[in-house]
Amino acid sequence: MRRRTYLLATAALAAALAATPGLAADPVKVGLIIPLSGGNSLSGAEVLSGVTLAIEECNAAVGPNGRQVQIIKEDDAGVPTTGASAAQKLIERDRVVAIIGSQTSNVATAIGNVGRKARVPVVTSGAASSDITETNTAGDPWIFRAMPGTGDQGAESASDMIKMLNLKRVAIIYDNSSYGRLLNDSFTKGVKALGGEVVAAEHYEQGEQDFYTLLTRVRETKPDGVFIAGLIAEGASILRQAHEINFKTQFYGSGGMISNSLLDLAGREASEGFAVNVMYEPNTNNPRGKAFGERFQKRFSLPGNTLSGHGFDVGTLVCDAVQRAKTLDGVGVRDALRTSNVEMVEGPAGTRVKFDDKGASYFKLGTAIVKNGVRTLLPYQ
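Reading the values: rules and limits
- Throughout, residues of each chain are indexed from 1 in the direction in which the sequence is written.
- Only residues with pLDDT of at least 70 get local features here, since the model is predicted, and only at 80 or more are side-chain atom pairs given and counted; chain-wide, interface and lining totals rely on the full set of residues.
- Where side-chain values are given, they derive from all heavy atoms of the structure, hydrogens and water being excluded.
- By definition, two strands form a pair when at least two bridges between them are found by DSSP.
- Only DSSP runs of H or I reaching four residues or more are called helices, and only runs of E reaching two or more are called strands; each is numbered from the N terminus.
- Think of each axis as a best-fit line through the C-alpha atoms, taken over the contacting stretch in the case of a helix, with angles from 0 to 180 degrees between the N-to-C directions.
- Contacts were defined at the residue level, with two residues in contact if any of their heavy atoms lie within 4.5 Å.
- In what follows, roughly perpendicular refers to angles from 65 to 115 degrees, roughly parallel to angles under 35, roughly antiparallel to angles over 145, and oblique to any angle outside these ranges.
- Expected helix span is taken as 1.5 Å per residue step, with the number of steps being one fewer than the number of residues.
- Each residue is placed in one exposure class: buried if its accessible area under a 1.4 Å probe, protein chains only, is under 20% of its type's maximum, exposed if it is over 50%, and partly exposed if it falls in between.
- When a carboxyl oxygen of Asp or Glu is within 4 Å of a side-chain nitrogen of Lys or Arg, the pair counts as a salt bridge.
- Here, the term disulfide refers to a pair of cysteine sulfur atoms separated by no more than 2.5 Å.
- Two rings from Phe, Tyr or Trp (for Trp, the six-membered ring) form a pair when their centres are within 6.5 Å of each other. A pair whose planes differ by under 30 degrees is stacked, one over 60 is edge-to-face, and the rest are tilted.
- Charges are assigned to positions over rings by a cutoff of 6 Å between ring centre and Lys NZ or Arg CZ, combined with an angular limit of 35 degrees from the ring normal.

Q: Explain the sheet that holds strand β5 (residues 143–144) here, please?
A: The strands making up a sheet associate through hydrogen bonds between their backbones, and the pairing can be parallel or antiparallel. Strand order in this open sheet of five strands is β2-β1-β3-β4-β5, and the pairing throughout is parallel. Unpaired on one side and paired on the other, β2 (69–75) and β5 mark the two borders of the sheet. Sheet analysis places strand β3 (residues 98–100) next to strand β4 (residues 122–123), joined by two bridges and oriented parallel. Paired with I100 across the bridge in β4 is V123.

In structure tokens, the structure reads:
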């Protein structure tokens, strides 16, 4: 009888410890859906490195008796249906309490729709379309965007091109996706509001490789600068082909083009002088960001950038929510995310993530220019 009582008491104690915050026996599972194959795989790999470092540091900080986080990766290949299927798998098979993903807005939206239905929160890993969080009901968000949306990015790019770089007559070449179209709209409005002129607007489809004819048309308008609203692969082709046809102007890229891979693909000569809208660079005067850059370089033997920096911030954000959640399920983590106040490596010193009632956030963006093959962040204005 005493043995039976002892066994029952032991089982009850084990169950209590497993359910007690900070003493969870098994790791808390979080999904990560990013493009590990296809045209966006370069950005996916950089985000993955940032998330990896964040989870490693988070787990080390909470110690063996804390809530350890386990990341379970899935490849969306840049395809919305693939991303949605991956989200379903992570929720039903792996029982994740949150999902990070993805880079492109249409894939992130598809993942978010699955998460909302299952009541599992989704934090985008780089998708910037302002429409993503507009799908949320105010006061009941399930997909979170921990970065400025396309409306803010387009307006700030216009401001930096006109005020900082003194470019008055500008053209825009944009990706014909939700991301590119929204950037086109906000950038155009921003230019006009500041007294500038948009002399040409051309769009392309994702996957296009031949931009010679398009660039020739834009060159004929003699712009002071060209804003490229798109992603790495096409952006690199545009820069390289512009160099080949001797189209000399100031090219300025959207946040989707922040990658050392773009510089490699475009080539040293074609990318020299290229400006880009950024959220993080290692030469930042943000002390937290500077320290992150040093740790990232030591861990991966590579310099950090906006993609890895954002991956780190999002990973830290989700890990923080897991630690603060009152219940280890989707609802508990979602509620913790809503009250996030994590200091970021991105943005100026003291930047923190704070979500509005639709799961959107904002912080000051910057501009970096490629000099001698390296992006250098200009002082914030």
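We are not done yet, so read on.
Q: Is there a simple way to explain the sheet that holds strand β6 (residues 169–175) in this structure?
A: Ordered by their spatial adjacency, seven strands build an open sheet running β7-β6-β8-β9-β10-β11-β12, and the pairing between neighbours is mixed. Every interior strand has two partners, whereas the edge strands, β7 (197–204) and β12 (374–377), have only one. Neighbouring strand axes in the sheet, compared pairwise and without regard to direction, differ in orientation by 25° on average. Across the face of the sheet, helix α6 (residues 150–164) comes into contact with β6, β8 (225–229), β9 (250–253), β10 (275–278) and β11 (366–371) while running at roughly 165° to β8. On top of the sheet, helix α7 (residues 178–193) reaches β6, β7 and β8; it is set at about 165° to β6, its chief contact.

Q: Is there a simple way to explain the packing of helix α2 (residues 41–62) against helix α12 (residues 287–300) in this structure?
A: Running from N to C, α2 and α12 point in directions that differ by 100°, and their axes come no closer than 11 Å. With respect to α12, the axis of α2 lies roughly perpendicular. Of the residues in α12, those touching α2 at S49, G50, T52, L53, E56 and E57 are F292, R295, F296, R299 and F300.

Q: Which parts of the structure should I look at to understand α6?
A: Structurally, the α-helix is built with 3.6 residues per turn, so residues lying three or four positions apart point the same way. Helix length check: α6, at 15 residues, gives a terminal C-alpha distance of 20 Å against a target of 21 Å (1.5 Å per residue), a fit within 8%. Considered for burial, the residues of α6 that qualify are T150, Q153, G154, E156, S157, A158, D160, M161 and I162. N166 occupies a position one or two residues after α6 and carries a positive phi of about 60°.

Q: Whenever I open this one, the pattern of salt bridges confuses me. Can you help?
A: Side chains that differ in sign of charge can pair as their charged atoms come close. For the coordinates displayed, the defined rule picks out 14 salt bridges. Between R217 and E202 there is a salt bridge whose closest N-O contact spans 2.8 Å. Of this pair, R217 sits in helix α8 (residues 212–220) while E202 is found in strand β7, placing the two residues 15 residues apart along the sequence. R217 gets classed as partly exposed once you look at its relative accessible area, which sits at 40%. Each of E74, K89, R93 and D94 takes part in salt bridges that share partners, so that together they form one network.

Q: Would you explain the state of the cysteines in this entry?
A: Evaluated as defined, the whole model comprises one disulfide. With a sulfur-sulfur separation of 1.7 Å, C58 is cross-linked through a disulfide to C319. Linking C58 and C319, the disulfide has an S-S dihedral of approximately -75° and is accordingly described as left-handed. Linking C58 in helix α2 with C319 in helix α13 (residues 306–324), this pair joins segments that are 261 residues apart in sequence. The two residues C58 and C319 agree in class, both being buried.

Q: How should I be thinking about the environment of G235 in this particular structure?
A: Relative to the helices and strands, G235 resides in helix α9 (residues 232–244). The sequence separation of G235 and Q209 amounts to 26 residues, and the corresponding C-alpha distance is 9.8 Å. Ignoring sequence-local partners within four residues, the contact set of G235 consists of M257 and L262.

Q: Can you walk me through the packing of aromatic side chains in this structure?
A: In this description, an aromatic ring pair is defined by two values, namely the gap between the centres and the angle between the planes. On inspection of all chains with the given rule, the structure shows nine aromatic pairs. Residues F227 and Y252 carry aromatic rings whose centres are separated by 6.1 Å and whose planes lie at 50° to one another, so their mutual orientation is tilted. Placement of F227 in strand β8 and of Y252 in strand β9 is noted, with a sequence separation of 25 residues between them. A residue is classified by how much of its surface remains accessible, and F227, at 0% relative accessible area, is buried. For Y252, a relative accessible area of 0% translates into the label buried. Look at F296 and F300: their rings are 4.8 Å apart centre to centre, the planes differ by 40°, and that puts the pair in the tilted class. Here the residue F296 and the residue F300 both occupy positions in helix α12, the gap between them amounting to four residues, near one helical turn. Here R299 stacks its cationic end above the ring of F300, 4.5 Å away from the centre of that ring. R334 extends its terminal NZ or CZ atom over the ring of W142, reaching a point 4.3 Å from the ring centre.

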